[in-house]
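Residue strings, one per chain:
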Amino acid sequence: MVKESGGLEWRINVSDGTSKVLVSESTSHSRVCRGLTRFFSKISDFFRKAWSMGVNEPKKTMHCVKVGMALTLVSLFYYMRPLYEGVGGNAMWAVMTVVVVFEYTVGATLSKCVNRAIGTFLAGALGVGVHWIASRSGEKFEPIILQCSVFLLAAAATFSRFIPSIKARFDYGAMIFILTFSLVSVSGYRVEKLFELAHNRLSTIAIGTSICILTSMFIYPVWAGTELHNLVNNNMEKLSDSLEGCLAEYFRDADSGDCNKKMQGYKCALNSKATEEALANFARWEPAHGSFNFGHPWKQYIKVGASIRSCAYCIETLNGSISSDTKVPDFLKKHFKKFCIRLSANSSAVLKELATSIGTMTRSSKVEFLVEEMRSSVQQLQNVLESLSKQPIQSTAPKNEGGTEEENSSPIVVTLVQIVPLVTVSSLLMEIAARTEKIAEAVNVLAEKAEFRSEKDEKPKKGQNPKAVDRNSGESEEDKTMTTLQKV
C-alpha cells in the first residue's frame, strides 16, 4: 500500500518484478456514471436552448415548418404515378430546387428562384443551340466546338461574377448558368433526345420554384424589407440608450447594472453592416407589401445605417474614455456635468425622435426643434471649454478646522493629465452631436424618397372632435413659439 498525494493506492507485485495499481470496481463504475451524467446533461441543455429559441423567435420556427411543407408538396411528384410520369422521371430536380432555393425571407427566396429560372433557361437554350451547330459540323469538329463553347461561356460567366453589380444580384444565376450549360453541352454529346432533357429539367425547376414562392409568400411570410426597416429602427433606439448609459455611468446617475446593459447597445449597430446590405438587396426583389410600395428606396436605408455606425464608433470611443484609469477632480466634474448631460440628453432625444419617425413612417415636426436645442447645447459646452482654457484651474479645500477663512482655504492646482479625460469626453459628445445631425439629414432624405406621411395628415381618432384636435395643435404651436422666443 503506497500513499500518494493525500490518497491511498494499492499495488501488487508481478512475477517480472514490476508492480500494478489496483483500481476498485466502484471507482470505475462512478467514472462511467459521471460521464453518462455529463453527456445527458449536455443533451438536455441543448434541447432546452433549442426550445427557448423556438419560443422567443417564432418566425424561425415557422420557417422550418414551411420548408418541410414545401418538400412534402414537391415529393408528391414521386409518390403519385400520374405526376411522376408527367415530369419524365426527373422529379428529383424539383426536390433539389426546393432544398437549395428556399430561404428565410421572401426576398431571398424570390432572388434565388428568379436567378435559378433565368440561369437554367438561358443555359438550356444556349446548350441546345450549340449542340445543333456542333452536330451539323461533322463528327470530327463536334467535340471541339462543344469544348470551346464550354470553355468560353464558362469563363465569361465566371468573370461576370466578379463585377460588383452582377455579383450583388445575379451571382447565384451565373453559377446555375455555368452548371446547366456544362451539363447540357457535355451530356448532349451522348444523349440523343437533348431537347427533351432540357425541357424536363426546366419544367421540374419551374415546379420547385413555384412551390417555394407560393409557400414563402402566403404562409406566414417574412419580408426582407420589414426586417431591414425594423433593424435600422432598433439600432437607432439602442444607440440612443447607449449614449444615455455612457453619461450616466460617467457621472454615476444610475445603477451600474442598468448602465452596462444600455452601454452595450451600440455594438448591435456596429455589427449589422452585412445584414443591412443583404436585406436591402433582397428587399428589392419583393413586391409591394404593408406600408412599402414597389420601388421603395431600400438603398437609402444603407446610408442611414452607415450614418448610425459612424455615430456608434464615436460612442465606442466615448465608452473607452469613460473607462480610463485617470481620475478627474470632483469639483471639475460637477462643473461640466450639467452641460454634458444636457448635450447627451438632447442628442438622445433627437435619435429617439428619428427612430419614432422611421418606425411610424411619418415626418416629425419636432426633429428640427430638437436639433436646434442640440446645437445650442453644443455651443454652451464649447463656451465652457473655451473659458477653461483662458483661466487657471484651481479649487479651494479646507485645511484646518480652527483659524481664519484665508488660512482654511488653499488653492489646488489641477494637472493637465487630470483635465484631458474630461476634455476628451466633452469633445466626443460634440462630435456625436455632429454625427447625429448627419443621421437626421439621412432620415430626412429617406422620408422624402419614401414619401412619409406628415403628422398633420393623420386622421383624428374615433370619437375625437376634429375642432378639439385643431385647438390642441394650435396651442402646441403657440407653446413652441413661446419657448423659442424665451430662448432668444
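Going along each chain's sequence as written, the residues are numbered from 1 onward. Reporting in this predicted model follows two pLDDT cut-offs: at least 70 for local features of residues, and 80 or more for side-chain atom pairs to be given and counted; totals over whole chains, interfaces and linings ignore these cut-offs and use all residues. With hydrogens and water stripped out, all remaining heavy atoms of the structure feed into the side-chain values.

In this section: the side chain of Lys66. On the secondary structure map, Lys66 appears in helix α2 (residues 58-74). Remark: exposure states derive from per-residue accessible area (1.4 Å probe, protein chains only) relative to the maximum for the residue type, with buried under 20%, exposed over 50%, and partly exposed in between. Working convention for charge: Lys and Arg count positive, Asp and Glu count negative, and His plus the chain ends are omitted. A side-chain nitrogen of Lys or Arg and a carboxyl oxygen of Asp or Glu constitute a salt bridge if their distance falls within 4 Å. Buried charge Lys66 goes without a salt bridge, the closest partner of opposite sign being Glu286 at 10 Å. Should any heavy atoms of two residues lie within 4.5 Å, those residues are counted as being in contact. Beyond its immediate chain neighbours, meaning those up to four positions away, Lys66 contacts Phe102, Thr215, Ser216, Ile219, Tyr220, Pro221 and Val222. Going along the chain from the N terminus, every DSSP run of H or I of four or more residues is numbered as a helix, and every run of E of two or more is numbered as a strand.

With that out of the way, let us pick up the confidence of the model for the protein chain. Per-chain confidence: the protein chain averages 79 in pLDDT, with 75% of residues scoring 70 or above. Along the chain, pLDDT gives the predictor's confidence residue by residue, from 0 to 100. Model confidence for the protein chain, summarised as mean pLDDT per element, is weakest for helix α19 (residues 466-487) at 42 and strongest for helix α13 (residues 273-283) at 92. Taken together, the stretch residues 395-409 has pLDDT below 50 and engages in 17 contacts with residues farther than four places along the chain or on a different chain. Across residues 459-488, confidence stays below pLDDT 50; counting only partners more than four residues off in sequence or on other chains, it has nine contacts.

Our focus in this paragraph is a nonpolar patch on the surface. The patches described consist of residues with a relative accessible area above 30% and no salt bridge, like charges being joined within 9 Å and nonpolar side chains (Val, Leu, Ile, Met, Phe, Trp, Tyr) within 5 Å. Method for areas: the Shrake-Rupley scheme with a 1.4 Å probe, in which residue coverage is limited to the protein chains shown. A cluster of nonpolar side chains, Val65, Met69, Leu73, Leu76, Tyr78, Tyr79, Met80, Met92 and Met96, forms an exposed patch at the surface whose accessible area comes to about 830 Å². Every element with two or more residues in the nonpolar patch is listed here: α2, α3 (76-79) and α5 (91-101). Locating Val65 in the fold gives a position in helix α2. The exposure class of Val65 is partly exposed, given its relative accessible area of 40%.

Joining through side-chain atoms within 4.5 Å is the link that ties buried Ala, Val, Leu, Ile, Met, Phe, Trp, Tyr and Cys residues into a set, and such a set is a nonpolar core. Within the largest apolar cluster, 63 residues are counted, with the highest numbers of intra-cluster contacts made by Met236, Leu239, Val304, Leu318 and Ile439. Among the elements of the structure, α10 (224-251), α12 (266-270), α13, α14 (298-322), α15 (330-360), α16 (367-389) and α18 (416-450) are those that each provide at least two residues to this core. If you tally residues by element for this core, the top one is α18, at 15 residues. Those residues within four positions of Leu239 in sequence are excluded, and the remaining contacts are Tyr266, Ile308, Cys311, Ala312, Ile315, Leu351 and Ile439. Ranked by size, the runner-up nonpolar core spans 13 residues in total, among them Ala91, Val98, Val101 and Tyr172.

The location of each charge is read from NZ of Lys, CZ of Arg, CG of Asp or CD of Glu. Together, Arg31, Arg34, Arg38 and Lys42 line one region of the surface with positive charge. Its location among the elements puts Arg31 in helix α1 (residues 25-56).

We now examine the side chain of Asn281. Among the structural elements, Asn281 can be located in helix α13. The definition of a polar contact used here is a pair of N or O atoms within 3.5 Å, where within protein one atom must be able to donate a hydrogen and the other to accept one, and adjacent residues in sequence count solely through side-chain atom pairs. A distance of 2.5 Å separates the side chain of Asn281 from the backbone oxygen of Ala168, its partner in a polar contact.

Pairing of side chains with opposite charge becomes possible as their charged atoms draw close. Scanning the entire structure with this criterion turns up 10 salt bridges. With its nearest N and O atoms 2.9 Å apart, the salt bridge here joins Glu276 to Arg309. Of this pair, Glu276 sits in helix α13 while Arg309 sits in helix α14; the two residues are 33 residues apart in sequence, bridging distant segments of the chain. For the pair shown, Glu276 and Arg309 are each scored as buried. Linking Glu437 and Arg375 is a salt bridge whose minimum nitrogen-to-oxygen distance equals 2.2 Å. Here Glu437 is found in helix α18, whereas its partner Arg375 is found in helix α16, with 62 residues between them in sequence. Residues joined in a network through salt bridges with shared partners are Glu372, Arg375 and Glu437.

Bringing the packing of α10 against α15 into the picture now. Axis definition: a line fitted to C-alpha atoms, over the contacting stretch in the case of helices. Angles run 0 to 180 degrees between N-to-C directions. Two elements in contact, α10 and α15, have axes separated by 9 Å at closest approach and are oriented at 170 degrees. By the angle between their directions, the pair α10 and α15 is classed as roughly antiparallel. A breakdown of the residues in the contact of α10 with α15 according to their chemical character gives 13 nonpolar, seven polar and six charged. In this scheme, roughly parallel covers angles under 35 degrees and roughly antiparallel covers those over 145, while 65 to 115 is roughly perpendicular and the rest are oblique. Under the scheme applied here, ten amino acids are nonpolar (Ala, Val, Leu, Ile, Met, Phe, Trp, Tyr, Cys and Pro), four are charged (Asp, Glu, Lys and Arg), and all others, including Gly, are polar.

At Tyr220, a position not held by glycine, the phi torsion is positive, near 45 degrees. Residue class for Tyr220 comes out partly exposed when judged on its relative accessible area of 41%. Backbone geometry at Met361 places phi at a positive 55 degrees, although glycine is not the residue there. Residue placement: Met361 occurs in the loop between α15 and β4 (362-363). Accessibility expressed as a relative area gives 9% for Met361, which makes it buried.

Each aromatic pair joins two rings of Phe, Tyr and Trp (for Trp, the six-membered one) with centres within 6.5 Å, and gets the label stacked for planes under 30 degrees apart, edge-to-face for over 60, and tilted for any other angle. Scanning the entire structure with this criterion turns up six aromatic pairs. Residues Phe170 and Trp285 carry aromatic rings whose centres are separated by 6.0 Å and whose planes lie at 80 degrees to one another, so their mutual orientation is edge-to-face. Within this pair, whereas Phe170 is found in helix α8 (residues 164-187), its partner Trp285 is found in the loop between α13 and α14, the two being separated by 115 residues in sequence. A relative accessible area of 37% places Phe170 in the partly exposed class. Look at Phe177 and Phe181: their rings are 6.1 Å apart centre to centre, the planes differ by 10 degrees, and that puts the pair in the stacked class. Within this pair, Phe177 and its partner Phe181 are both found in helix α8, separated by four residues, close to a single helical turn. Looking at Phe181, the relative accessible area reads 2%, which means it is buried.

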